[in-house]
Amino acid sequence: MRVRLSTSSFSHLIVKSAAFCLIAFAVYTMLVIITKPNVTVMLNQWQGNMVAAQDYIYDHNDRPIVVVGSSLAAKIDMEYLEPDYWNLAFAGGSVSTGLEIIARSGAGPKIVCIEANIFRDTDEKMIGDLFTPVVWKWKKYLPSLRLRYQPFTVAYNLVNRLFKTKSRLESEYQVDPEFFKKMLDSYRRDYAKAPDEREVSRRIGVIRGQVEKISARNARFIFFETPIHPGLADSVQSSYVRKRLMEAFPPGAYTWLPRPDDAKYRTTDGIHLTDGSAYEFARVFQKTVGDAIGKSGLRE
Amino acid sequence: MLFNSWEFVALVAVTFVLYYLPALKRWQIHVLIASSFVFYAYHLPSLLALLLVSIFINATASFLIHNSNDQRLKRLYAVLGVVFNLAILGFFKYNKLIAGLVVSDLSKLDGIGAVIIALPLPIGVSFYTFEGITLVVDVFRSREKSRSYIRTRNYLDHLRNTCLFISFFPHLVSGPILKAHDFMPQIMAKLLKDVDWGRVFRFVVLGYFLKMVIADNLKDQTFWVAYPFFQGQSSIVLVLMIFGFVIQIYSDFAGYSFIAMGIAEIFGYKLPLNFNCPFISQSFTELWTRWHISLSTFLRDYLYISMGGNRRGEIRTYFNLMMTMTLGGLWHGATWNFGLWGLAHGIALAIERPFQKRRDPNARESSWPVKAFKMSFITAYFCAAAMFFKIPEFSHLILYVKTIFLNWSVQTSKTISLSILMFSLPVFLYHMLYLFNRKYGESFYKKIEYVLFGGMLFLILVNKGDAGAFIYFQF
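Counting starts from 1 at the beginning of each chain's written sequence and moves along it residue by residue. Working convention: letters from A go to chains and numbers from 1 go to ligands, in the order in which they are written. Local features are withheld for residues below a pLDDT of 70 in this predicted model, meaning they are given only at 70 or higher, and side-chain atom pairs are given and counted only at 80 or more; totals for whole chains, interfaces and linings count all residues. Computation of side-chain values covers all heavy atoms of the structure but excludes hydrogens and water.

**Student:** For the overall build of chain A, give the residues involved together with the corresponding values.
**Tutor:** Secondary structure is summarised from DSSP: a helix means a run of H or I of at least four residues, a strand means a run of E of at least two, and numbering begins at the N terminus for each. Of the regular secondary structure elements, chain A holds 12 helices and 5 strands. Only protein chains enter the calculation, and the probe is 1.4 Å; a residue is then buried if its accessible area is under 20% of its type maximum, exposed if over 50%, and partly exposed in between. In chain A, buried positions account for 50% of the 300 residues. For the area figures, the Shrake-Rupley method with a 1.4 Å probe applies, and any residue is considered shielded solely by the protein chains shown. Of the roughly 15200 Å² that chain A leaves accessible, carbon and sulfur atoms contribute 56%. None of His or the chain ends enter the tally, which takes Lys and Arg as positive and Asp and Glu as negative. Charge coordinates come from a single atom per side chain, which is NZ of Lys, CZ of Arg, CG of Asp or CD of Glu. Taken together, the 41 basic and 33 acidic charged side chains of chain A have centroids lying 7 Å from each other.

Spelled out as structure tokens, the structure:
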């Protein structure tokens, strides 16, 4: 069937617009590759999470030590970690999300540090967005498709550099006492209940499968807890999560770091470390990991 | 099924091929109906039952009106048809609101009452019940059968046409609210050669740009309006977030409407414009000819005029205006904050009315600073009223307003404030371009049009936000 398209309707507009788009894309991609814009500030939490994941997948999946976990472990900023580390813990994320990223990207870290504070499901939407069939591999060669180099984000960072700000450690977040109390009370109520046993078993099953897959690439696993408010550290939920994880990944077969001294650290809401405390914990954490690697003879 | 999903693209592609296949030419309307049912039932097939019942009742009522010669019977069928549509809406959407008037603590309800208030809101019910009303009322109001919107004596043909009118998938779940007198006369065989691909392209690209680049990015900044997160933000950010929310909801809803218009054009149907640069409005009256046009015209034609409009004296006119807008607000949601949002706009229209009437039509046009002031004022009022939309809990709303006055010394988040300004800029430029074209003509615009659409395509490719559901799906 020969389709005759009216020139007034299927106009030059479509062809010229598509051509302009392709040229703009090619030019922008070349600019990104050549100039490598310095983008350090993300515009929102979702973008921050996705950028950390994409940076790992495309540029840094050779890092020997990877951290996975939730927003608690995400407070250990990459700035505070040595170059051997990469943090795949995300605000709103989970251990299984980080493990899934490692598994699907084909990476082979030597050590995977698993946060043992919180259980959550894999963020299937994030995994789907990161590993869109076929397209995800193109992003290695077309960095303009990655979230780090979105034009609005690049523009924001250019403008942002005109206004110097204090570093995060210098401008320590001033915790609002009323807000803190409200959040802590809320967490006390949540943490007073054990999570649903069937859900916990299911999630542990998922993590076990992921650990087995990554173990086949000669990775070793270290479990750790981030400090939280002392009133929550031995709550029903915290104790339950700790117990179930230790049963599934016993200290004999896996390395468990000693629990941190929760009283030494400050949180903004009972469970998330302040920037200053996150920095302090990062120092202790890296030393303890280093000791664990040395003791268990994992270092080659 | 979301417009920004691969399943939707596949549905449109398959429907397009089948629709224009010569062998299926006689079955074009049936193809569209089948696709519409697949679209609607994709995630929850059980919802289709209510849609089918609605179509059947509206088709039958309108057919009976059309074929009756007894004016009293016609009126009876019309009243029954309207009452049925409103009953569906009341039952599914306002059950909690109505129950709350009778029972103080809904958690104590048991038996059939508990089951009813636990029923989920069927997607699109606010839109298709209103369309059923337009069909029944339009047929009732058409005085001569030859000018009626029912072009067939065959009930099954009319049922088929009504099925398409109500369930046509581009507009089914979030409008525009179609009027029978606009859509029914378009139902006929369509030819591929008549498709205006330029229009399709413009609507679809603009729609996806507004949704994927503007709305989806802004939502991650306006998220912080929620309690208790707003309490730590500066006054400037609190104000900007409300402004950003209005731009977000405009981009989300207008984006959806433009996509719907573009997709409908592919199949030969023209849907009415739903948003026409609302932020250049210089009066509240004008605002409601530019914002959610299909709803405001519905309210005008089927509610305000039915209540007497402006024909029953000034006091009654003001009452009709405020009641119409309050009910229009409640259409959005079954909680009092939506009613208050509508009332705020009703009051604005009522206050403005005497000044509109006194305007001398021969007076010179205002100067640009005056026009700019009026546009800014109308937009600012619209943003202020939008707080009822975004902050449903009244105590949180009061706290939000209080916090705006208290948090001047709190450090302003550059990320939130600059992001909102950056992502609002394209909407601002779009409105300025509209004004420019209106004053100087479109010759300049035609020269750069491909740059604008090419740029939008580029940004859809490299700057889309985290995909979220369309806001108006919840209504």
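**Student:** Please provide a residue-by-residue account of the packing of aromatic side chains, values included.
**Tutor:** What describes a pair of aromatic rings is the distance from one ring centre to the other and the angle between the planes of the rings. Residues and elements named next belong to chain B. Ring pairs shown here join Phe, Tyr and Trp side chains whose ring centres sit within 6.5 Å, with only the six-membered ring taken for Trp; geometry is labelled stacked below 30 degrees between planes, edge-to-face above 60, and tilted in between. Within the structure shown, the criterion is met by 59 aromatic pairs over all chains. Centroid distance F8 to F169: 6.1 Å. Interplanar angle 70 degrees. Geometry classified as edge-to-face. Placement of F8 in helix α1 (residues 6–19) and of F169 in the loop between α8 (155–167) and α9 (180–183) is noted, with a sequence separation of 161 residues between them. A single burial state applies to F8 and to F169, both of which are buried. When the ring of W288 is compared with that of W341, the centres are 5.9 Å apart and the planes differ by 75 degrees; the resulting orientation is edge-to-face. Here W288 is found in the loop between α12 (284–287) and α13 (293–304), whereas its partner W341 is found in helix α15 (residues 336–358), with 53 residues between them in sequence.

**Student:** Run through the side chain of N44 of chain A, naming residues and quoting values.
**Tutor:** Inspection of the secondary structure puts N44 of chain A in the loop between α1 (12–35) and α2 (45–58). Taking the relative accessible area as the measure of exposure, N44 of chain A reaches 12% and is therefore buried. Within polar-contact distance, the side chain of N44 of chain A engages the backbone nitrogen of Q47 of chain A at 2.8 Å. Contacts: residue pairs with any heavy atoms within 4.5 Å of one another. Ignoring anything within four residues of it in the chain, the contact list for N44 of chain A reads D220 and Q221 of chain B. For the purposes of these results, a polar contact is taken to be a pair of N or O atoms within 3.5 Å, where, inside protein, one atom must be able to donate a hydrogen and its partner to accept one; residues adjacent in sequence count only when each atom of the pair is a side-chain atom.

**Student:** Could you give an account of the pattern of salt bridges, naming the residues involved and the relevant values?
**Tutor:** Residues and elements named next belong to chain A. Put simply, a salt bridge is a Lys or Arg side-chain nitrogen that is within 4 Å of an Asp or Glu carboxyl oxygen. For the structure shown, the criterion picks out 30 salt bridges over all chains. For the salt bridge of D129 with K125, the shortest nitrogen-to-oxygen distance reads 3.0 Å. With D129 and K125 both in helix α5 (residues 124–130) and 4 residues apart, the pair spans about one turn of that helix. Two residues, R244 and E247, come together in a salt bridge whose shortest N-O distance is 3.4 Å. On the criterion of helical spacing, the pair formed by R244 and E247 is a turn pair, its members being 3 residues apart in helix α11 (residues 236–248). Residue R244 is classed as buried on the basis of its relative accessible area, which comes to 13%. Judged by its relative accessible area of 48%, E247 falls in the partly exposed class. Through salt bridges with shared partners, one network takes in D121, E199, R202 and R203.

**Student:** Go over α2 of chain A with me, naming the residues and quoting the values.
**Tutor:** All names here are of chain A. Expected helix span is taken as 1.5 Å per residue step, with the number of steps being one fewer than the number of residues. A rise of 1.5 Å per residue sets the reference length of α2, with its 14 residues, at 20 Å; its end C-alpha atoms lie 20 Å apart and thus fit the reference within 8%. Counting buried residues in α2 gives 11 out of 14 residues, a clear majority hidden from the surface. Looking at α2, one finds that the buried residues are W46, Q47, N49, M50, V51, A53, Q54, D55, Y56, I57 and Y58. Sitting at the head of α2, N44 places a side-chain oxygen 3.2 Å from the backbone nitrogen of W46.

**Student:** Quick one: what's the story with the interface of chain B and chain A, residue by residue and with numbers?
**Tutor:** Every contact between the two is made by 39 residues of chain B and, on the other side, 37 residues of chain A. Put simply, buried area is how much 1.4 Å-probe accessible surface two parts lose in total, over both of them, once they are put together. Of the roughly 3200 Å² buried between chain B and chain A on both sides combined, carbon and sulfur atoms contribute 71%. It is K414, Y450 and F458 of chain B that lose the most area in chain B upon contact with chain A, and together they represent 18% of the buried surface on that side. Along the contact surface separating chain B from chain A lie 1 salt bridge. Summed over the shared surface of chain B and chain A, the result is 9 residue pairs in polar contact (both at pLDDT 80 or more). Those elements giving two or more residues to the side of chain B that touches chain A turn out to be α10 (197–222), α18 (414–440) and α19 (443–462) of chain B. Sort the elements by how many residues they give to the side of chain B that touches chain A and α19 of chain B lands first, with 11 residues. Only Asp, Glu, Lys and Arg are considered charged in this grouping, and only Ala, Val, Leu, Ile, Met, Phe, Trp, Tyr, Cys and Pro are considered nonpolar; every other residue, Gly among them, is considered polar. Split by residue class, the side of chain B that touches chain A holds 21 nonpolar, 10 polar and 8 charged.

**Student:** Talk me through the sheet that holds strand β1 (residues 65–69) of chain A; I want residue IDs and the actual numbers.
**Tutor:** Residue and element names in this part refer to chain A. At least two DSSP bridges between two strands are required for those strands to pair. The sheet built from 5 strands is open, its strands ordered β2-β1-β3-β4-β5 with parallel pairing. One side of each edge strand has no neighbouring strand; the edge strands of this open sheet are β2 (85–89) and β5 (255–256). Summarising the sheet, β1 and β2 pair through 5 bridges and their orientation is parallel. Following the sheet pairing, I65 is matched in β2 by Y85. Geometry is summarised by axes, namely lines fitted to C-alpha atoms with helices restricted to the contacting stretch, and by angles between N-to-C directions that run from 0 to 180 degrees. The sheet strands contacting α2 are β1 and β2, and the helix crosses β2 at an angle near 135 degrees.

**Student:** I'd like a rundown of the confidence of the model for chain A, residues and numbers included.
**Tutor:** Residue-level confidence of the predictor is summarised by pLDDT, bounded by 0 at the bottom and 100 at the top. Per-chain confidence: chain A averages 88 in pLDDT, with 90% of residues scoring 70 or above. With pLDDT under 50 throughout, residues 167–172 of chain A is counted as low confidence; its partners more than four residues away or in other chains account for 12 contacts.

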